[in-house]
Amino acid sequence: NDPHALLPMGYDLHQEGDYGSALEYWRKAAELGNAEAHYVISNIYWEGKGVEKDIKKAIYHLEKAAIDGHPFARYNLGCIEENNGRRIEQ
């Protein structure tokens with residue numbers, strides 16, 4: 001139940017082509033509060049790699065990662081917001 005151990009196990013399974021098992025390891029790590037796992041899951045759903053593409057699930061996990069301080073998640077959310085016309089003017 002160590003999220004830092006579960007994350008690389010998911011990467012190894014993903015490299016072997018076992019996307020379903022990889023996702024389960026990442027989900028468990030995410031449930032344990034790992035921001036990187038939420039970020040990885042968001043990318044999986046965004047690209048539809050091994051799962052059905054689901055932008056709502058991708059954004060959900062991206063938001064969870066961003067809230068937990070993941071810098072790339074914050075950046076990606078900002079890009080999505082800007083592309084949707086929600087730009088902060090200075």
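The notes below deal with the structure included here. Everything numeric in this text was worked out from a predicted model, so none of it was measured. (Residues numbered from 1 in each chain as written. Predicted model: local features only at pLDDT ≥ 70, side-chain atom pairs only at ≥ 80, totals over all residues. Heavy atoms only, no water.)

## Considerations on helix α1 (residues 3–15)
Counted at 1.5 Å a residue, the expected span for α1 with its 13 residues is 18 Å, and the 19 Å between its end C-alpha atoms agrees. What α1 keeps buried is the set P3, L6, L7, G10, L13 and H14. Down the axis of α1, the sector holding all buried residues measures 130 degrees, keeping them to one side. The outward face of α1, more than 90 degrees from its buried face, is lined by the exposed residues H4 and Q15. Buried residues along α1 sit against α2 (19–31) and α3 (35–47). With a side-chain oxygen lying 3.0 Å from the backbone nitrogen of H4, the N-terminal cap of α1 falls on D2. The first or second residue beyond α1 is G17, which carries a positive phi of 90 degrees. (Helix = DSSP H or I, 4+ residues; strand = E, 2+ residues; numbered from the N terminus. Expected span 1.5 Å × (residues − 1). Buried < 20%, exposed > 50% of the residue type's maximum accessible area, 1.4 Å probe, protein only. Arc of directions from axis to C-beta. Contact = heavy atoms within 4.5 Å. Polar contact = N/O pair within 3.5 Å; in protein donor to acceptor, adjacent residues only side chain to side chain.)

## Details of the nonpolar core
Judged by nonpolar contacts, the single largest core of 14 residues is most densely connected at W26, A37, I41 and Y45. Dropping the residues within four chain positions of it, W26 is found in contact with L7, G10, Y11, H14, A37, V40, I41 and I44. Counting 7 residues, the second-largest nonpolar core is a separate cluster that includes Y39, L62, A65 and L77. (Core = buried A, V, L, I, M, F, W, Y, C linked by side-chain atoms within 4.5 Å.)

## Observations regarding the packing of α1 against α2
Running from N to C, α1 and α2 cross one another at 165 degrees; their axes reach a closest spacing of 8 Å. Taken together, the axes of α1 and α2 lie roughly antiparallel to each other. Classified by chirality, the crossing of α2 by α1 is left-handed. Between α1 and α2, the contacting residues are P3, L6, L7, M9, G10, Y11, L13 and H14 on the first element and Y19, S21, A22, Y25, W26, K28 and A29 on the second. Here the contact of α1 with α2 is composed, by residue class, of 11 nonpolar, 3 polar and 1 charged. (Axes fitted to C-alpha atoms, helices over the stretch in contact; angles between N-to-C directions. Parallel < 35°, antiparallel > 145°, perpendicular 65-115°, else oblique. Left-handed = near helix turned anticlockwise from the far one by under 90°. Nonpolar A, V, L, I, M, F, W, Y, C, P; charged D, E, K, R; others polar.)

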